[in-house]
Amino acid sequence: MASKHPRAEGMVEFCATCGTETIHDISVELRTENETTENAQFSREPYRIATCQTCGQTAARRMNNA
């Protein structure tokens, strides 16, 4: 589970690559899931992007499972 780090540098989360809890940059990004369909402009979904500040590993998780 993510927790706030005492410094305002990011969130502390487990990194599978590092094998320990590290500071991550967290952002939200809208991604188009079906770019080839005629309704591509309506198929954008929010994704939570977590990037480890130690190794650079990035993980994306869909936030809306509708």
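In case you missed it, the structure is sitting above this.
Residues numbered from 1 in each chain as written. Predicted model: local features only at pLDDT ≥ 70, side-chain atom pairs only at ≥ 80, totals over all residues. Heavy atoms only, no water.

*Asks:* Can you help me understand the packing of aromatic side chains in this one?
*Replies:* Two measures describe an aromatic ring pair: the distance that separates the ring centres and the angle between the ring planes. A complete count under the given rule lists 0 aromatic pairs for this structure. Over the face of the ring belonging to Y47 we find R31, whose NZ or CZ atom lies 5.1 Å from the ring centre. (Phe/Tyr/Trp six-rings, centres within 6.5 Å; stacked < 30°, edge-to-face > 60°. Lys NZ or Arg CZ within 6 Å of the ring centre and 35° of its normal.)

*Asks:* Is there a simple way to think about the layout of surface pockets in this case?
*Replies:* To find leftover empty space, a probe the size of one water molecule is rolled over the atoms. Size it by volume and the largest pocket reaches roughly 170 Å³. Forming the walls of the largest pocket are E13, F14, C15, A16, H24, R48, A50, Q57, T58, A59, A60 and R61. Mapped by element, the contributors of at least two residues to the lining of the largest pocket are β2 (11-15), β4 (44-52) and β5 (58-62). Per element, the largest residue contribution to the lining of the largest pocket is 4 residues, and it comes from β5. (1 Å grid on protein atoms, 1.4 Å probe; cavity = no way out; pocket = protein on both sides within 12 Å on 5 of 7 lines; lining within 4 Å. Points joined across faces, edges and corners; volume = space filled by probe spheres on them. Helix = DSSP H or I, 4+ residues; strand = E, 2+ residues; numbered from the N terminus.)

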